[in-house]
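Single-letter residue listing:
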Amino acid sequence: AVAGTVFSAAIFNASVRDNLNVTAVGVATAAGRLIVTTAAKTVTERNPDTDTVGTSQATATTTYVNLATTGPTVTITTGTRALVILGCASSNSVVGNAGRMAIDLSGATTSAASDTNSIMVSSGNASDAYQLSWVTVYSPINAGSNVFQAKYRAVTAGSASFSNRVVSIMPF
């Protein structure tokens, strides 16, 4: 503003309103969303999501597979990173056996489920049950619509059971 000059609506809109519209408050369209940077001086809104499968199911397969009830699965728009939270209750049928739960990523990014990004339970006794959770950041991933789906495997002989399975994604 310059002393003695007219402060018009056009100047206000260009200088004040338009700048406020690119703040977190101006970008937000709904409650419960995250505002993240996508480039220098650029923000956008992201919507965290979660999916749960309560059914207890087992596998004796030693490669990553779907259980009889697939998932949980979250399809979500991400930037180049996402916070991933996995959780389940797990038990094994054989002493010393282990079971793993991992994320299979498809859509804008393709990354097969692997032991590198998994949670694992190994039992000291047959039928020991444990509640597990694991948190990591997937980075880099391709920005766009990504599908995060849980897959499962037994590590050694016997079967691994999984219930109360959850996948939660916070996209950045």
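Residues numbered from 1 in each chain as written. Predicted model: local features only at pLDDT ≥ 70, side-chain atom pairs only at ≥ 80, totals over all residues. Heavy atoms only, no water.

> What should I look at first to understand the pairing of strand 10 (residues 144–154) in this one?
Burial analysis of strand 10 places eight of its eleven residues in the buried class, the great majority of the element. Of the strand pairs in this sheet, strand 5 (residues 73–78) and strand 10 are connected by six bridges, and their pairing is antiparallel. Following the sheet pairing, Ile76 is matched in strand 10 by Asn146. The pairing of strand 7 (residues 98–107) with strand 10 spans nine bridges and is classified as antiparallel. In the strand pairing of strand 10, Met101 is matched with Tyr152. (Buried < 20%, exposed > 50% of the residue type's maximum accessible area, 1.4 Å probe, protein only. Helix = DSSP H or I, 4+ residues; strand = E, 2+ residues; numbered from the N terminus. Pairing = 2+ DSSP bridges.)

> I'm lost on the side chain of Ser118 in this one. Help?
Inspection of the secondary structure puts Ser118 in strand 8 (residues 118–122). A residue is classified by how much of its surface remains accessible, and Ser118, at 10% relative accessible area, is buried. In this structure the side chain of Ser118 is engaged in a polar contact, spanning 2.6 Å, whose partner is the side chain of Arg100. With residues up to four places along the chain from it excluded, the contact list for Ser118 reads Tyr64, Arg100, Met101, Ala102 and Trp134. (Polar contact = N/O pair within 3.5 Å; in protein donor to acceptor, adjacent residues only side chain to side chain. Contact = heavy atoms within 4.5 Å.)

> Help me out: how do you make sense of a nonpolar patch on the surface in this one?
Residues Phe7, Ile11 and Phe12 make up a contiguous nonpolar surface patch of roughly 280 Å² in combined accessible area. Along the chain, Phe7 falls in the segment before helix 1 (9–20). Look at Phe7 and you get partly exposed, because its relative accessible area is 49%. (Patch = residues over 30% accessible without salt bridge, like charges linked within 9 Å, V, L, I, M, F, W, Y side chains within 5 Å. Areas by Shrake-Rupley, 256 points an atom, 1.4 Å probe, with all protein chains shown as cover. Salt bridge = Lys/Arg side-chain N within 4 Å of Asp/Glu carboxyl O.)

> Just checking my understanding: could you explain the sheet that holds strand 7 for this structure?
Pairing between the strands of a sheet comes from backbone hydrogen bonds, and it takes one of two forms, parallel or antiparallel. As summarised here, the arrangement of the four strands in space is 5-10-7-8, forming an open sheet in which the pairing is antiparallel. The open sheet has two edge strands, strand 5 and strand 8, and neither has a second partner. Each adjacent strand pair in this sheet contributes to an overall mean axis angle of 25°, direction not counted. (Axes fitted to C-alpha atoms, helices over the stretch in contact; angles between N-to-C directions.)

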